[in-house]
Amino acid sequence: YGFAHLRCLVVHAGLAAQVNELTATENRVRWEKCALCGIGFRGSVGTAMARHCWKTYADRPSDDENRLLALYRLGWNLALSGAVQEASLILEAIFRLTILKRALGEFLDF
């Protein structure tokens, strides 16, 4: 699949997110697939991209769609890489937030 500089991939995805304020779908593609060949990032590169994606969106409001997808992406990639305990904590937090948002969203103005 060739060679890529992780830092270059992160900068490319992050700049696109900052400049364009991408939709959740556009954002997902930037962080999960190579912009040139379209092959998804896997293994350590996938996990590293997921960590950087989370760092990019972590300071957004808790109900921001891109923030939730970044957190999900991190949990999923950690699970795939074998870091099951860390992944389960992240994915459980997303599940709880999603349930809370659905149950109380209209009352709490989520």
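Going by the structure above, here's the rest.
Scoring rules and cut-offs
- Residues numbered from 1 in each chain as written.
- Predicted model: local features only at pLDDT ≥ 70, side-chain atom pairs only at ≥ 80, totals over all residues.
- Heavy atoms only, no water.
- Helix = DSSP H or I, 4+ residues; strand = E, 2+ residues; numbered from the N terminus.
- Buried < 20%, exposed > 50% of the residue type's maximum accessible area, 1.4 Å probe, protein only.
- Contact = heavy atoms within 4.5 Å.
- Areas by Shrake-Rupley, 256 points an atom, 1.4 Å probe, with all protein chains shown as cover.
- Patch = residues over 30% accessible without salt bridge, like charges linked within 9 Å, V, L, I, M, F, W, Y side chains within 5 Å.
- Salt bridge = Lys/Arg side-chain N within 4 Å of Asp/Glu carboxyl O.
- Core = buried A, V, L, I, M, F, W, Y, C linked by side-chain atoms within 4.5 Å.
- Axes fitted to C-alpha atoms, helices over the stretch in contact; angles between N-to-C directions.
- Parallel < 35°, antiparallel > 145°, perpendicular 65-115°, else oblique.
- Left-handed = near helix turned anticlockwise from the far one by under 90°.
- Nonpolar A, V, L, I, M, F, W, Y, C, P; charged D, E, K, R; others polar.

1. Let's talk about the overall build of the protein chain
Inference 1: Counting its secondary structure elements, the protein chain contains 5 helices and 0 strands.
Inference 2: The N-to-C order of helical and strand elements in the protein chain reads α-α-α-α-α.
Inference 3: Counting the 110 residues in the protein chain, one finds 30% classified as buried.
Inference 4: Looking at the protein chain alone, contacts between residues at least 24 apart form 41% of all its contacts between residues at least 6 apart.
Inference 5: Just so you have it, the protein chain exposes about 7,300 Å², and 59% of that area is on carbon and sulfur atoms.

2. Side note on a nonpolar patch on the surface
Inference 1: Taken together, the side chains of Tyr-72, Trp-76 and Leu-80 present a nonpolar region at the surface, about 350 Å² in accessible area.
Inference 2: For Trp-76, the position within the fold is in helix α4 (residues 65–81).
Inference 3: Classification of Trp-76 as partly exposed rests on a relative accessible area of 45%.

3. With respect to the nonpolar core
Inference 1: Ranked by size, the top nonpolar core spans 7 residues in total: Ala-50, Leu-71, Leu-74, Leu-78, Ala-87, Ile-90 and Ile-94.
Inference 2: When contributions to this core are tallied by element, the ones reaching two or more residues are α4 and α5 (84–108).
Inference 3: Within the second largest apolar cluster, 6 residues are counted, among which are Trp-31, Phe-41, Met-49 and Ala-70.

4. Some points on the packing of helix α3 (residues 43–57) against α4
Inference 1: Where α3 contacts α4, the two axes come as close as 8 Å, and the packing angle between them is 155°. Regarding the angle of α3 to α4, the classification is roughly antiparallel. Like other packed secondary-structure pairs, α3 and α4 cross with a definite hand, here left-handed. Every residue of α4 that contacts α3 at Gly-46, Thr-47, Ala-50, Arg-51, Cys-53, Trp-54 and Tyr-57 is listed here: Asn-66, Arg-67, Ala-70, Leu-71, Arg-73, Leu-74, Asn-77, Leu-78 and Ser-81.
Inference 2: Residue composition of the contact of α3 with α4, grouped by class: 8 nonpolar, 5 polar and 3 charged.

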